[in-house]
Amino acid sequence: MKARALTGPLRMEDDSMSQTTVEKVTGRTSSTVLDSLAIEEPLEIQLNYGPPDSRVTRSISVTMRTPGNDFDLAAGFLMTEGVIRDANDIEQITYAGDPFNEGTQSPQAMDVHKLGSKQNTVRVDLAAEVEVNLGSLQRNFYTTSSCGICGKASLLALRTVCPPRAANNFRVDAQLLYHLPESLRASQGVFDRTGGLHAAGLFDAAGELLALREDVGRHNAVDKLIGSEFLADRTPLRDRMLLLSGRASFELLQKALMGGIPMVAAVGAPSSLAVQVAKEFDITLVGFLRKDHFNIYHGSTHIVGYASASTEVGE
């Protein structure tokens, strides 16, 4: 029987991955093989709100994400951006079928049309009594670390939308921290096959991995994770720690703050503004977490099981 020609990319049963053919070169020889790819597609989030007799539907965001847990992503995005505060604010979340047309569309929204998937547009229906302030959403968008707004303005904007903060009583043993990246990595099923996804994991003080989400966008992974907890009515997450497979940015610290998370650890480096958020809102922040070392950027008193061998250094 003649072998079937390899073509790509081919969509796999798992909607988060596809396959394509690649020319794999090793030394001076090559071979044609199948390679798994993490899928990246746009997701448009629509918001339907207002009194029963005058409902309004607006497209509020288009994000490039890995398909899967889309409802968690939408809920997490709305919650961490301060648009909603309680799971009861949401009446239902559905796939809208067709992208919403408000006239002039962004290139990202046009991409949703081109792909034509009925599962690339999510509509969140809010309860009639929920008051929506889209101005705060726009303000937050323009004060992320990726925009040219100063850190002071970013922190001021965050203070206006963050929920009341409780005292940070979360404690963790330093020896336990060393094992968390390996635990997170071992649970990254899609990353094992593609090597192309960020992960966000939720741990308790005993080091148990309670939930994990993966996505091509690190902010989407966190939105999916916090959104799933939010919809399950488990927020604020005051007795949980967030572990990031990459770096810790202002945007991710903002999401942790909105979710009530008292500690964030990252395998990569934090940004300067992320450190400012940690200090401003008393979030324990660890960076460069490896199996034998890590840096504490804020909250050293919340980590036990190690002895300091150095003198105080001025900040």
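Below, the structure is looked at part by part. (Residues numbered from 1 in each chain as written. Predicted model: local features only at pLDDT ≥ 70, side-chain atom pairs only at ≥ 80, totals over all residues. Heavy atoms only, no water.)

**Some remarks on the overall build of the protein**
Then, in step 1: Summing up its helical and strand segments, the protein has 10 helices and 15 strands in all.
Then, in step 2: In the protein, which comprises 315 residues, the share counted as buried stands at 46%.
Then, in step 3: For the protein, the proportion of contacts with a sequence separation of at least 24, taken over those separated by at least 6, is 57%.
Then, in step 4: In the form shown here, the protein has an accessible surface area of approximately 15800 Å², with 49% of it arising from carbon and sulfur atoms. (Helix = DSSP H or I, 4+ residues; strand = E, 2+ residues; numbered from the N terminus. Buried < 20%, exposed > 50% of the residue type's maximum accessible area, 1.4 Å probe, protein only. Contact = heavy atoms within 4.5 Å. Areas by Shrake-Rupley, 256 points an atom, 1.4 Å probe, with all protein chains shown as cover.)

**Some thoughts on helix α9 (residues 250-258)**
Then, in step 1: Of all the nine residues making up α9, eight are buried; the element is thus mostly covered by neighbouring parts of the structure.
Then, in step 2: For α9, the full list of buried residues reads F250, L252, L253, Q254, K255, A256, L257 and M258.
Then, in step 3: Once α9 ends, the next one or two residues include G260, with phi positive near 75 degrees.

**Quick look at the sheet that holds strand β5 (residues 56-65)**
Then, in step 1: Read from one edge of the open sheet, four strands run β5-β4-β7-β6, paired in mixed fashion. Of all strands in the sheet, those bounded by a partner on one side alone are β5 and β6 (90-95). Strand-to-strand twist across the sheet, computed as the mean angle between neighbouring axes with direction ignored, equals 20 degrees.
Then, in step 2: Pairing of strand β4 (residues 41-49) with strand β7 (residues 121-126) involves five bridges; the strand directions are parallel. Along β7, the bridge assignment pairs Q46 with R123.
Then, in step 3: In the packing of helix α8 (residues 218-231) onto the sheet, the strands contacted are β5 and β6, and the crossing angle to β5 comes to about 130 degrees. (Pairing = 2+ DSSP bridges. Axes fitted to C-alpha atoms, helices over the stretch in contact; angles between N-to-C directions.)

**Overview of the pattern of salt bridges**
Then, in step 1: A full pass over the atoms with the stated rule returns nine salt bridges.
Then, in step 2: In this structure, K255 engages D223 in a salt bridge whose closest nitrogen and oxygen atoms are separated by 2.9 Å. One end of the pair, K255, is in helix α9; the other, D223, is in helix α8, with 32 residues separating them in the sequence.
Then, in step 3: With a relative accessible area of 1%, D223 lands in the buried category.
Then, in step 4: One network of salt bridges, in which partners are shared, links E81, D223 and K255. (Salt bridge = Lys/Arg side-chain N within 4 Å of Asp/Glu carboxyl O.)

**Examining helix α10 (residues 272-281)**
Then, in step 1: For α10, the set of buried residues is L273, A274, V275, V277, A278 and F281.
Then, in step 2: After α10 finishes, the residue D282 shows a positive phi value of roughly 55 degrees.

**Some remarks on the pairing of β5**
Then, in step 1: Note that β4 and β5 share nine bridges and pair antiparallel. Along β5, the bridge assignment pairs N48 with T57.
Then, in step 2: Taken together, β4 and the strand that follows it, β5, pair antiparallel across an intervening segment of six residues, in which G50 is found at a positive phi of about 110 degrees.

**Observations concerning the sheet that holds strand β13 (residues 284-287)**
Then, in step 1: Taken in spatial order, the six strands of this open sheet run β10-β9-β11-β12-β13-β14, and their pairing is mixed. The sheet is open, and its two edges are formed by β10 (209-215) and β14 (295-298), each paired on a single side. Looking at each pair of strands side by side, their axes are set apart by 20 degrees on average, direction ignored.
Then, in step 2: In terms of strand pairing, strand β12 (residues 263-266) meets β13 through three bridges, oriented parallel. Bridged to M263 within β13 is T284.
Then, in step 3: In this fold α10 packs onto β13 and β14, with an angle of close to 60 degrees to the strand it touches most, β14.

That's the geometry; what it means functionally is another story.
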